[in-house]
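# Observations on the model geometry
If you want the building blocks of each chain, they are given just below.
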Amino acid sequence: MIGNFRKCLLGVVMCCAPLASHASVLDNPAFNIEGLVIVWSSPTDGSTTPIVSDFVIGAGGPGGTDLVTDDVFTVVTGSLLTTTDTSGAFGGIPYIISNVPGGDINTDSNGDGNITAADSIDAFVLNPAVDTRVDAVETRTSFYVASNTAFNINGDVTASDSSGLAVDLADFIVLDQNITAAGTDGGLTFGSAAQLPHSGGPTAGFTQNPRILSDLEGGITVFQGDQATAASPGSIIEQSVRFDQVYSIGFTGYDLAFGTFDFSATVVYTVFVP
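Summarised in this report is the structure supplied together with it. (Residues numbered from 1 in each chain as written. Predicted model: local features only at pLDDT ≥ 70, side-chain atom pairs only at ≥ 80, totals over all residues. Heavy atoms only, no water.)

## Some points on the overall build of the protein
Formally: Segments assigned H or I by DSSP are reported as helices when at least four residues long, segments assigned E as strands when at least two residues long, and all are numbered from the N terminus. Exposure classes here rest on a 1.4 Å probe applied to the protein chains alone. A residue is buried below 20% of its type maximum, exposed above 50%, and partly exposed in between. Note on definitions: a residue-residue contact is assigned when non-hydrogen atoms from the two residues lie within 4.5 Å. Areas reported as accessible are Shrake-Rupley estimates using a 1.4 Å probe. Residue values count occlusion only from the protein chains shown.
On a plain count of helices and strands, the protein comes out with two helices and 16 strands. Taking all 274 residues of the protein together, the buried fraction comes to 36%. Taking contacts inside the protein between residues at least 6 apart in sequence as the whole, the part at least 24 apart equals 73%. Split by element, the accessible area of the protein, about 14,900 Å² in all, is 56% carbon and sulfur.

## Digging into the nonpolar core
So the rule is basically this: Definition used in this section: a nonpolar core is a set of buried Ala, Val, Leu, Ile, Met, Phe, Trp, Tyr and Cys residues joined via side-chain atoms within 4.5 Å.
Of all hydrophobic cores here, the largest spans 25 residues; its most connected members are Val 37, Phe 143, Phe 151, Ile 153, Phe 223 and Phe 243. Elements that contribute at least two residues to this core include exactly strand 1 (36-41), strand 8 (138-147), strand 9 (152-161), strand 10 (173-180), strand 14 (220-224), strand 15 (240-249) and strand 16 (263-272). It is strand 15 that contributes the most residues to this core, four residues altogether. Sequence-distant contacts of Ile 153, that is, excluding residues within four places in its chain, are made with Phe 143, Ile 220, Thr 221, Val 222, Phe 223, Phe 243, Tyr 269, Thr 270, Val 271 and Phe 272. Counting residues in each nonpolar core, the second largest holds five residues, with Trp 40, Val 75, Leu 80 and Tyr 144 among its members.

## Describing the pairing of strand 2 (residues 51-57)
The test is simple: Here, strands pair whenever DSSP counts at least two bridges between them.
When strand 1 meets strand 2, the two strands line up antiparallel, connected through six bridges. Paired with Ile 38 across the bridge in strand 2 is Phe 55. As judged from the two bridges shared by strand 2 and strand 3 (residues 65-66), these two strands associate in the antiparallel manner. For Val 56, the partnering residue across the bridge sits in strand 3 and is Asp 66.

## Details of the sheet that holds strand 7 (residues 131-133)
If you walk across this open sheet you meet the three strands as 6-5-7, and the pairing is antiparallel. Each of the sheet's edge strands pairs with one partner strand only, and the pair in question is strand 6 (105-106) and strand 7.

## Remarks on the pattern of salt bridges
Two side chains of opposite charge can pair, provided their charged atoms sit close to one another. Using the following cut-off: Throughout this description, the term salt bridge denotes a Lys or Arg side-chain nitrogen within 4 Å of a carboxyl oxygen of Asp or Glu.
Across all of its chains, the model carries three salt bridges by this definition. In this structure, Asp 104 and Arg 133 form a salt bridge, with 3.6 Å as the shortest nitrogen-oxygen distance. Linking Asp 104 in the loop between strand 5 (96-98) and strand 6 with Arg 133 in strand 7, this pair joins segments that are 29 residues apart in sequence. A relative accessible area of 47% places Asp 104 in the partly exposed class. For Asp 185, the salt bridge goes to Arg 242, with nearest N and O atoms at 3.0 Å. Here Asp 185, found in strand 11 (residues 183-185), pairs with Arg 242, found in strand 15; they are 57 residues apart in sequence, far enough to count as distant. Residue Asp 185 is classed as buried on the basis of its relative accessible area of 3%. By relative accessible area, which is 10% here, Arg 242 ends up buried. A single salt-bridge network, built from bridges that share partners, covers Asp 185, Arg 242 and Asp 244.

## Observations concerning the packing of aromatic side chains
The geometry of an aromatic ring pair is captured by two quantities: the separation of the ring centres and the angle between the planes. We count it as follows: Here the aromatic set is Phe, Tyr and Trp, taking the six-membered ring for Trp, and pairing holds for ring centres within 6.5 Å; pairs whose planes are under 30 degrees apart are stacked, those over 60 apart are edge-to-face, and all others are tilted.
In the structure shown here, the tally under the stated rule is nine aromatic pairs. Arranged with centres 5.5 Å apart and planes meeting at 5°, the rings of Phe 143 and Phe 243 form a pair that is stacked. With Phe 143 in strand 8 and Phe 243 in strand 15, this pair connects stretches of sequence that are 100 residues apart. Take Phe 143 and Phe 243: they sit in the same class, and that class is buried. When the ring of Phe 223 is compared with that of Phe 243, the centres are 5.2 Å apart and the planes differ by 80°; the resulting orientation is edge-to-face. One end of the pair, Phe 223, is in strand 14; the other, Phe 243, is in strand 15, with 20 residues separating them in the sequence. Pair check on accessibility: Phe 223 and Phe 243 agree, each one buried. Grouping aromatic residues by their ring pairs yields a cluster made of Phe 143, Phe 151, Phe 206, Phe 223, Phe 243 and Tyr 269.

This is how it looks when you write it as structure tokens:
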């Protein structure tokens with residue numbers, strides 16, 4: 001009876017097998033981590049608390065997707081002090097006192113690129129050759145970038161000249177750019193997990209360096225990177241590098257007889273994934 005029962009069961013199974021139904025379940029999980037560039041600096045309210053002004057995802061050039069619509073000012077290089085849209089609101093152009101016995105004197109004694117009440121100079125000997133100049137002085141500004149991919153930067157300038165001088169001062173402003181991989185500004189340490197965004201070094205990737213500021217009118221590409229800033233795990237600040245702009249005056253014809261003047265330029269840097 002046992003043997004017959006087994007044969008019967010097997011027969012049932014064999015008989016029912018062709019009638020079994022079939023079903024398929026397709027599952028296709030997909031993940032896409034796009035290129036990401038984060039730009040941060042000081043807010044427009046003048047505080048020293050860093051804020052992110054650009055959170056750019058994906059590619060597509062300067063018209064790509066920026067999830068943050070706000071803008072920020074650059075900072076005075078080496079600090080978190082914001083710059084402003086006019087030089088007079090923060091400070092004036094330093095003077096060079098030339099032909100002084102013992103060497104020329106730069107009135108920017110604290111090295112922040114501006115002449116303010118925070119500067120001081122020692123008494124100096126006056127003779128008939130001692131004169132003042134505003135060339136060969138520098139204004140230095142910076143902003144910070146973190147990325148998981150290579151990125152480019154466009155620059156565009158709008159100049160406003162109320163000097164009354166018979167020259168286009170935008171043609172006498174020289175822009176020199178470089179990148180600082182790590183440092184401490186205003187007590188905030190950046191770059192411990194970062195690398196330079198171009199494998200060629202701190203001045204590599206700039207399409208021309210130095211250049212005349214008026215070259216930026218209408219917008220041009222000023223930097224092309226070839227690698228991410230993030231080199232190892234870390235925070236956004238730790239994976240950030242600092243872009244430094246050095247503006248200097250090539251106008252050697254200034255004299256005290258010209259009086260005061262106000263020349264300002266607004267330079268907009270747009271960071272994007274190419």
